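Residue strings, one per chain:
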Amino acid sequence: MNPARRAEENVCTWLAPLGKAAPAPRRSPGVRGRWSDQGPASAPLTRATKDPTAVERANLLNMAKLSIKGLIESALSFGRTLDSDYPPLQQFFVVMEHCLKHGLKVRKSFLSYNKTIWGPLELVEKLYPEAEEIGASVRDLPGLKTPLGRARAWLRLALMQKKMADYLRCLIIQRDLLSEFYEYHALMMEEEGAVIVGLLVGLNVIDANLCVKGEDLDSQVGVIDFSMYLKNEEDIGNKERNVQIAAILDQKNYVEELNRQLNSTVSSLHSRVDSLEKSNTKLIEELAIAKNNIIKLQEENHQLRSENKLILMKTQQHLEVTKVDVETELQTYKHSRQGLDEMYNEARRQLRDESQLRQDVENELAVQVSMKHEIELAMKLLEKDIHEKQDTLIGLRQQLEEVKAINIEMYQKLQGSEDGLKEKNEIIARLEEKTNKITAAMRQLEQRLQQAEKVQMEAEAEDKKHLQECQSKSDNLQKQISQKEKQLVQLETDLKIEKEWRQTLQEDLQKEKDALSHLRNETQQIISLKKEFLNIQDENQQLKKIYHEQEQALQELGNKLSESKLKIEDIKEANKALQGLVWLKDKEATHCKLCEKEFSLSKRKHHCRNCGEIFCNACSDNELPLPSSPKPVRVCDSCHALLIQRCSSNLP
């Protein structure tokens, strides 16, 4: 049977579902190529349908059936592995590309609108783990720059692995994921896609050995050549005419391809011109902003210098005032110290006077003891006159009761004097503790007075010894008083006290009253001294508060000075950086300064806002606030490290 006739019959059988044949040829929307002028193959395009997308899907399905069947038959007749130059194989890849492109959603990119099949093919890696090797090998190919080229390489590798049907079956099952890339009426979303996947199972019989590395897949134009499938009996007899028609159609296709390429290049150039104009306007605006920032920084620099001068003047004046205040405080402290020393000497004198008074009292007690011995002798003499003087005993007893009351009052007064002495001792101890606190707080100012303090400590130790001696003497006096009370009890029944003894007792009572009045005067003086000491202590606390406040003010002034110095240094560094650095132009840089990789559409150029050099995204993905702009801006890795080191060194 004639092979042309066989091809004609095959075309008729595959295209029969689309309707009856019509004499006029018609181009199918969405499919690039040419139809023959005669034959039943022109029938699918003449069918009038209401839904054009259904017609497109049916046409693509029929073309896929033709290409797959023709590829299988030709490969089996060829009898060996296929290479990339085999025409039926090339037409198969073109048809598959059109099938995958049908109903793709348009995605906006930086330069133009992007409509590529690489996005849905990348999903296969997530759905089918064995496809990760193909994706990795496609990304590692050095000659591929566009997503369409990567998709074409992926199709060729899947055919060589004999797993194209399995991979596309996984995609068709997950229609929720495909809806992100395809419209609802796309071929891959309808039943026609499942039919094509079922037809692809037959390609597992073919062995293909395709070289993907050396082939230019980015710039290939996918045009379906229908002359391979559509042939008539008249064309067999008129080969020359067919050759001429094929040449004319080839020229036409070539011109159309050239027009498409030129249109794409023109659109890309227009988009690049627009982007360059936008970048130019942005750069002009940034230059104007930078100039304004420089002027503002210079004004701020002058203001900071003037403020710094004013702050220095104020701090100098404040330091002078504080020095004068400290000197006056030292003088007042010295005067208060002298006053305390004088008070301490007076208290010491008073203690000495009180010790002398105690000695006088002891002498008087000795005199009383001698008088008691004389009274005992008189008692022996007066025993004879007891009966005569019974009447006088009653009066004497009354006098004795008065004497008892007087003695009780004297005892109470002695206890009061002892309590006063204890209070004086406590006051002296408090004064000593407070003086110790004052000396501990002002150690730096009292280095010269350490020797005097040692002398005072020795004197205090001597005073303590004297106090202990006085306490022991007072205990002895109490014992003696108790003995006297016992003797008086015995004398109440037997003794007759004469008037002279009464007079002597009255004189003793008057002396004791004088001593008590003297002790009261001394206690009043001690109270007044205590009040003066409290007033001095309050003044000392107020002076300490003033001193602490002045120290805090000085510390705050020092911190402000340090902050202003740091700001001035930052401004100086920013001025130096702005004066010494140059904003590098985009045309002057072809490689990244750090990693030295060449720039391309995928690897874009980025300026460092600190040094002005051009880097790639990986070497300049840092952001930091600079003196020229308070907001975080893009900075290269080297400037990022320098700025962080500078900030860490400036921190306290």
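As the structure is a prediction and not an experimental result, all values here were calculated from the model. (Residues numbered from 1 in each chain as written. Predicted model: local features only at pLDDT ≥ 70, side-chain atom pairs only at ≥ 80, totals over all residues. Heavy atoms only, no water.)

Draft legend 1. Spotlight on the overall build of the chain. Within the chain one finds 15 helices and six strands. Within the chain, the fraction of its 652 residues that count as buried is 31%. Within the chain, contacts between residues separated by at least 24 positions form 71% of all contacts whose residues are at least 6 apart in sequence. Accessible surface, the chain: about 42,800 Å² in total, of which carbon and sulfur atoms supply 53%. (Helix = DSSP H or I, 4+ residues; strand = E, 2+ residues; numbered from the N terminus. Buried < 20%, exposed > 50% of the residue type's maximum accessible area, 1.4 Å probe, protein only. Contact = heavy atoms within 4.5 Å. Areas by Shrake-Rupley, 256 points an atom, 1.4 Å probe, with all protein chains shown as cover.)

Draft legend 2. Representation of a nonpolar patch on the surface in the model. Taken together, the side chains of Y254, V255, L258 and L262 make up a nonpolar region of the molecular surface, amounting to roughly 380 Å² of accessible area. Positionally, Y254 belongs in helix α11 (residues 239-382). (Patch = residues over 30% accessible without salt bridge, like charges linked within 9 Å, V, L, I, M, F, W, Y side chains within 5 Å. Salt bridge = Lys/Arg side-chain N within 4 Å of Asp/Glu carboxyl O.)

Draft legend 3. Structural view of unusual backbone geometry. One non-glycine residue, K162, adopts positive backbone phi at about 65°. Among the structural elements, K162 can be located in the loop between α6 (147-161) and α7 (164-173). Residue E596 is not a glycine yet carries a positive backbone phi of 60°. Along the chain, the position of E596 falls in the loop between α14 (499-580) and β3 (606-607).

Draft legend 4. A look at helix α4 (residues 118-127). Counting buried positions along α4 gives seven out of 10 residues, so the element sits mostly inside the fold. Taken together, the buried positions of α4 are W118, G119, P120, L121, L123, V124 and E125. Where α4 is buried, its residues contact α5 (132-140), α6, α7 and α8 (175-178).

Draft legend 5. Quick look at α6. Look at α6: 21 Å from first C-alpha to last across 15 residues, which is about the 21 Å you get at 1.5 Å a residue. Among all positions of α6, only G149, A151, R152, A153, W154, L155, R156, L157, A158 and L159 are buried. Looking at the buried side of α6, the elements it contacts are α3 (87-101), α4, α5 and α7. Residue K162 follows α6 closely and has a positive phi angle near 65°. (Expected span 1.5 Å × (residues − 1).)

Draft legend 6. Structural view of the packing of α4 against α5. Where α4 meets α5, the closest approach of the two axes is 8 Å, and the angle between their N-to-C directions is 135°. Viewed along their axes, α4 and α5 adopt a mutual orientation that is oblique. Together, W118, E122 and E125 of α4 and E132, G135, A136, V138 and R139 of α5 make up the contact between the two elements. When grouped by side-chain class, the residues that make up the contact of α4 with α5 number three nonpolar, one polar and four charged. (Axes fitted to C-alpha atoms, helices over the stretch in contact; angles between N-to-C directions. Parallel < 35°, antiparallel > 145°, perpendicular 65-115°, else oblique. Nonpolar A, V, L, I, M, F, W, Y, C, P; charged D, E, K, R; others polar.)

Draft legend 7. The pairing of strand β6 (residues 629-635), seen in detail. One ladder, built from five bridges, connects strand β5 (residues 622-626) with β6; its direction is antiparallel. The residue of β6 that forms the bridge with P625 is P632. Here β5 folds back onto β6, and the loop between the two strands holds two residues. (Pairing = 2+ DSSP bridges.)

Draft legend 8. Molecular detail of the confidence of the model for the chain. Summing up the model confidence of the chain, the mean pLDDT is 76 and the portion of residues at 70 or higher is 80%. The element-level mean pLDDT for the chain is lowest in helix α1 (residues 3-15), coming to 41, with strand β4 (residues 614-615) highest at 90. (pLDDT = per-residue confidence, 0-100.)

Draft legend 9. Local environment of the pattern of salt bridges. Evaluated as defined, the whole model comprises nine salt bridges. The closest approach of N and O atoms between K101 and E97, which form a salt bridge, is 3.1 Å. Placement of both K101 and E97 in helix α3 is noted, with a separation of four residues, approximately one turn of the helix. Take K101: its relative accessible area is 26%, and that puts it in the partly exposed class. The shortest N-O distance in the salt bridge between E130 and K163 comes to 2.6 Å. Placement of E130 in the loop between α4 and α5 and of K163 in the loop between α6 and α7 is noted, with a sequence separation of 33 residues between them. Its relative accessible area of 43% is what places E130 among the partly exposed residues.

Draft legend 10. Focus on the environment of R348. For R348, the position within the fold is in helix α11. Note: C-alpha distance between R348 and A459 (111 residues apart in sequence) is 9.5 Å. Here R348 is in contact with A459, E462 and D463, once residues within four sequence places are set aside.

Draft legend 11. Local environment of the nonpolar core. In this structure, L89, F92, W154, L168, Y182, L200 and L203 are the most contacted members of the largest nonpolar core, which totals 62 residues. A per-element tally of this core places helix α2 (residues 52-78) first, with nine residues. Contact partners of F92, with chain neighbours within four places excluded, come to S67, I68, L71, M164, L200 and L203. Counting residues in each nonpolar core, the second largest holds 16 residues, with C611, I614, C616 and C636 among its members. (Core = buried A, V, L, I, M, F, W, Y, C linked by side-chain atoms within 4.5 Å.)

Draft legend 12. Summary view of the packing of α4 against α6. Contact geometry of α4 with α6 gives a least axis separation of 9 Å together with a crossing angle of 50°. When the interaxial angle is binned, α4 and α6 end up oblique. Note that α4 runs across α6; the crossing there is left-handed. Contact residues: α4 offers W118, L121 and V124, while α6 offers P147, R150, A151 and W154. In terms of residue class, the contact of α4 with α6 is made up of six nonpolar, no polar and one charged. (Left-handed = near helix turned anticlockwise from the far one by under 90°.)

Draft legend 13. Representation of the packing of aromatic side chains in the model. Tallying each qualifying case throughout the model produces three aromatic pairs. Seen in terms of ring centroids, F92 and F93 are 5.6 Å apart; in terms of plane orientation they differ by 55°. Their pairing is tilted. One exposure class covers both F92 and F93, and it is buried. Aromatic ring contacts, followed pair by pair, group Y128, W154 and Y167 into a single cluster. (Phe/Tyr/Trp six-rings, centres within 6.5 Å; stacked < 30°, edge-to-face > 60°.)

Draft legend 14. Just the state of the cysteines, in detail. Summed over all chains, the structure comprises zero disulfides. C616 provides the cysteine sulfur closest to C619, a residue in no disulfide bond, and the two sulfurs are 3.5 Å apart. (Disulfide = S-S within 2.5 Å.)

Draft legend 15. Here's a closer look at the environment of R358. Tracing the sequence through the fold places R358 in helix α11. Considered as a pair, R358 and K473 are 115 residues apart in the sequence and their alpha carbons are 8.4 Å apart. Contacts of R358, omitting those with residues within four sequence positions, involve L421, C470 and Q471.

Draft legend 16. Broad picture of the environment of E532. Here E532 shows up in helix α14. When its relative accessible area of 43% is taken as the criterion, E532 is described as partly exposed. Taking C-alpha positions, E532 is 9.8 Å from L340, a pair spaced 192 residues apart along the chain.

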